[in-house]
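Residues per chain, in single letters:
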Amino acid sequence: MPLRNRCLRPLLLVGTMALGCLCTAPGSAWATLASTTRVVLQKGRHYVPIDLFLRLGDTITLRNEDASQTHHASIEADRFSFDAGDQEPGTETRLVLAEPGDFVIECGIHPKMKLTIHVQ
């Protein structure tokens, strides 16, 4: 067997074993991709932030941080709708993102108050 082949064989074996370990332990490889919860503040007739990039299964917590203003977050889309109802100051509402796409959360009380979410 030529010297070059004898040197490459152990490298190929180690590389194959390393790939095999990655393929058989997907839980550890995906641990950093667990669903997350993002907090969006409703304050001063604005959402903070106003644009979010998220993954399926992520959760948005809409928190009314205003001292005296009520908000009413909702989504009207082809595939689903969401209505938080009236949110008094200091209250929270959660939305789990179960559909991919781009959506706009609007406040029914303050029409210029919008949040765009991009779900992959």
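Just so it is clear, the model here is predicted, and its values are computed rather than measured.

> Help me out: how do you make sense of the packing of aromatic side chains in this one?
Note on aromatic pairs: each is described by the distance of the centres and the angle between the planes. The full count for this structure, using the stated rule, is one aromatic pair. With centroids separated by 4.9 Å and ring planes inclined at 70°, the aromatic side chains of Phe80 and Phe103 adopt a geometry described as edge-to-face. Linking Phe80 in the loop between strand S5 (73-76) and strand S6 (81-83) with Phe103 in strand S8 (residues 101-107), this pair joins segments that are 23 residues apart in sequence.

> How do you make sense of the side chain of His72 when you look at a structure like this?
Topologically, His72 is positioned in the loop between strand S4 (59-64) and S5. Those residues in contact with His72 that sit more than four places away from it in its chain are Asp83, Gly85, Asp86, Glu106, Cys107, Gly108 and Ile109.

> Mind showing me how you'd approach the nonpolar core here?
Inside soluble globular proteins, nonpolar side chains tend to come together where they are buried. By size, the foremost hydrophobic cluster in this structure holds 20 residues, and its most contacted members are Tyr47, Ile60, Ile105 and Ile117. The contacts of Ile60, once residues within four sequence positions are left out, are Arg38, Val40, Leu52, Leu54, Thr93, Arg94, Leu95, Leu97, Ile105 and Ile117.

> Would you mind showing me how to read the side chain of Gln87 here?
Examined against the element boundaries, Gln87 turns out to sit in the loop between S6 and strand S7 (92-96). Only 3.3 Å separates the side chain of Gln87 from the side chain of Thr93, close enough to count as a polar contact. Sequence-distant contacts of Gln87, that is, excluding residues within four places in its chain, are made with Gln42, Leu62, Asn64, Gln69, Thr70, His71, Ala73, Glu92 and Thr93.

> Could you clarify how one ought to interpret the sheet that holds S7 in this entry?
One key point about sheets: their strands pair by backbone hydrogen bonds, in either a parallel or an antiparallel sense. Spatially, four strands are ordered S2-S1-S4-S7 in an open sheet, and the strand pairing comes out mixed. Either end of the sheet is taken by a strand with one partner, and the two such strands are strand S2 (46-48) and S7. Averaged over all pairs of adjacent strands, the angle between strand axes in this sheet comes to 25°, irrespective of strand direction. Pairing of strand S1 (residues 37-43) with S4 involves six bridges; the strand directions are parallel.

> Explain the sheet that holds S8 here, please?
Sheet architecture is open: five strands sit in the order S3-S9-S8-S5-S6, paired in mixed fashion. The strands lining the two open edges of the sheet, one partner per strand, are strand S3 (51-54) and S6. Put simply, the sheet's adjacent strands are angled 25° from each other on average, direction ignored.

About the criteria used
- Residues numbered from 1 in each chain as written.
- Predicted model: local features only at pLDDT ≥ 70, side-chain atom pairs only at ≥ 80, totals over all residues.
- Heavy atoms only, no water.
- Phe/Tyr/Trp six-rings, centres within 6.5 Å; stacked < 30°, edge-to-face > 60°.
- Helix = DSSP H or I, 4+ residues; strand = E, 2+ residues; numbered from the N terminus.
- Contact = heavy atoms within 4.5 Å.
- Core = buried A, V, L, I, M, F, W, Y, C linked by side-chain atoms within 4.5 Å.
- Buried < 20%, exposed > 50% of the residue type's maximum accessible area, 1.4 Å probe, protein only.
- Polar contact = N/O pair within 3.5 Å; in protein donor to acceptor, adjacent residues only side chain to side chain.
- Pairing = 2+ DSSP bridges.
- Axes fitted to C-alpha atoms, helices over the stretch in contact; angles between N-to-C directions.

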